[in-house]
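Okay, here's what each chain looks like letter by letter:
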Amino acid sequence: MTRPAARGGSKTSADRLARLLNLVPYLLARPGIEVAEAAGDLGVTERQLREDLELLWVCGLPGYGPGDLIDMAFDGDRVTITYDAGIDRPLRLTPDEALALVVALRMLAETPGVANRDAIERALAKIEDAAGDLVGAPVAVRLPGDTRRVEALRAAVEGGRALRITYYTAARDETTERVVDPLRMLMVGGRAYVEAWCRRAEAVRLFRADRIDAITELDEPAAVPPQAVPHDRTEGVFRPSPDLPLITLRIGRGERWITEYYPCERVEAGDGDQWLVSLRVTDLGWARRFVLGLGPDVTVVAPVELAEQVRATASAALDAYAVPAPVTRLPDDDRAAPAPGAPSGDPAVAGRTQ
């Protein structure tokens, strides 16, 4: 079994949401329009538009039953919206909906990497002004993590200042000091990152905020070279490539979460409940620590070098906890006599030798 390749079309969920919100009023104003013409107007492929229409079919009002969902009619290659689920009427928020929207916008404003925070703040102000009586007291939202560190990074990005950071690299289990020129802040998988040009590596690098031990803003502007281009992070932080080491593990049922958490190149059913899993890693040092933390239901199949490293590290750990062999006690008749002049363990004898 292998993971399916990503389908073509929109790169982000945000892009698709904006397109869907625009699609309904567009189709309402053009009943019976050809799918090919609509795709050309909206700047998407015909296949992507048909996928969007399929998604619209399951969108609508709470209840999500007959009469609640958006409905369409197809006549050959032409499409018409027959029920818009009330999208043509002005929105009226309930107290719970207004509060949920305010909390969501405040969290979005706190999220690193948001492109236009001013627009979010303006939208938030309008909603709070219009729904003030519904929302009630002001709502404070804070993302988990070190807020001061994230704010310092964000200030450096917005101010265009270079930074000196002390950074822990988990893949190599080392701490280094670097001077970086920040490019942007972003949030991936619930964690804050700063993407920057690293002068030490002379390349664009991604630094996780909670692994930055110290930050110093330098008295110089960020000097980002022309070749420093932010990477596409829509598919996650780690992007496996053919030049990275490939490891193969045999895992039990309890470790199948690996295939959901890490991008795997191959997942095959093995004997019984076992699976063979192949994935790319940044280096074998990280892979060694990764395997050692998984437990006894994981076996390294390849490469041999990784298996030897895991075996050597595990053996060294076991040796550190080894208990010295117990001292064998001889029968009383076979005890060695004490050296001349040495006190005996028997108090009576000891008294006679003093």
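Quantities reported herein were computed from a predicted structural model and do not represent experimental measurements. (Residues numbered from 1 in each chain as written. Predicted model: local features only at pLDDT ≥ 70, side-chain atom pairs only at ≥ 80, totals over all residues. Heavy atoms only, no water.)

### Digging into unusual backbone geometry
Now for step 1: With omega at 0°, the peptide bond leading from A302 into P303 counts as cis.
Now for step 2: Examined against the element boundaries, P303 turns out to sit in the loop between β12 (298–302) and α10 (304–320).
Now for step 3: In this structure, E202 takes a positive phi of about 55° despite not being glycine.
Now for step 4: Looking at the element boundaries, E202 is found in the loop between β6 (191–198) and β7 (203–208).
Now for step 5: A residue is classified by how much of its surface remains accessible, and E202, at 61% relative accessible area, is exposed. (Helix = DSSP H or I, 4+ residues; strand = E, 2+ residues; numbered from the N terminus. Buried < 20%, exposed > 50% of the residue type's maximum accessible area, 1.4 Å probe, protein only.)

### Quick word on the sheet that holds strand β10 (residues 264–269)
Now for step 1: Taking strand neighbours across the sheet as the criterion, the 4 strands line up as β10-β11-β9-β12 in an open arrangement whose pairing is antiparallel. Each edge of the open sheet is held by one strand with a lone partner, namely β10 and β12. Here the strands of the sheet are splayed against their neighbours by 25° on average, with no regard to which way each runs.
Now for step 2: Note: strand β9 (residues 246–251) against β12, 4 bridges, orientation antiparallel. If you follow L249 over to β12, its bridge partner there is V300. (Pairing = 2+ DSSP bridges. Axes fitted to C-alpha atoms, helices over the stretch in contact; angles between N-to-C directions.)

### Section: the packing of aromatic side chains
Now for step 1: Throughout the structure, instances matching the rule amount to 8 aromatic pairs.
Now for step 2: Taking 6.3 Å as the distance between ring centres and 45° as the angle between the ring planes, the aromatic pair formed by W257 and Y262 counts as tilted.
Now for step 3: When its relative accessible area of 39% is taken as the criterion, W257 is described as partly exposed.
Now for step 4: Arranged with centres 5.9 Å apart and planes meeting at 70°, the rings of Y262 and W286 form a pair that is edge-to-face. Here Y262, found in the loop between α8 (258–261) and β10, pairs with W286, found in helix α9 (residues 284–292); they are 24 residues apart in sequence, far enough to count as distant.
Now for step 5: Members of the aromatic cluster, connected to one another through ring pairs, are W257, Y261, Y262, W286 and F290. (Phe/Tyr/Trp six-rings, centres within 6.5 Å; stacked < 30°, edge-to-face > 60°.)

### A short note on the nonpolar core
Now for step 1: Judged by nonpolar contacts, the single largest core of 21 residues is most densely connected at I247 and L249.
Now for step 2: Sort the elements by how many residues they give to this core and α9 lands first, with 4 residues.
Now for step 3: Setting aside residues up to four positions removed in sequence, I247 forms contacts with V277, S278, L279, V281, L284, A287, A302, P303 and L306.
Now for step 4: Membership of the second largest hydrophobic core comes to 19 residues, among which are I33, A39, V44 and I81. (Core = buried A, V, L, I, M, F, W, Y, C linked by side-chain atoms within 4.5 Å. Contact = heavy atoms within 4.5 Å.)

### Some remarks on α10
Now for step 1: Spanning 17 residues, α10 covers 24 Å between terminal C-alpha atoms, matching the ideal 24 Å at 1.5 Å per step.
Now for step 2: Residues of α10 that are buried: L306, A307 and V310. Down the axis of α10, the sector holding all buried residues measures 100°, keeping them to one side. In α10, those exposed residues whose orientation departs by more than 90 degrees from the buried face are V304, D319 and A320.
Now for step 3: Contacts made by the buried residues of α10 are with β9, α9 and β12. (Expected span 1.5 Å × (residues − 1). Arc of directions from axis to C-beta.)

### Quick notes on the environment of L61
Now for step 1: Looking at the element boundaries, L61 is found in the loop between α3 (46–56) and β2 (71–75).
Now for step 2: Along the primary structure L61 and D84 are separated by 23 residues, whereas in three dimensions their C-alpha atoms are 10.0 Å apart.

### Some points on the pairing of β9
Now for step 1: Here 6 bridges tie β9 to strand β11 (residues 275–280), and the two strands are oriented antiparallel to one another. In the sheet register, L249 faces β11, and the bridge partner there is V277.

### Notes on helix α7 (residues 147–159)
Now for step 1: Here α7 is 13 residues long and its end C-alpha atoms lie 18 Å apart, about the 18 Å a rise of 1.5 Å per residue gives.
Now for step 2: Among the residues of α7, those classed as buried are R149, V150, L153, R154 and A156. Buried residues of α7, viewed axially, fall in a sector of 160°; they line one side. Among the exposed residues of α7, those oriented more than 90 degrees off its buried face are R148 and E158.

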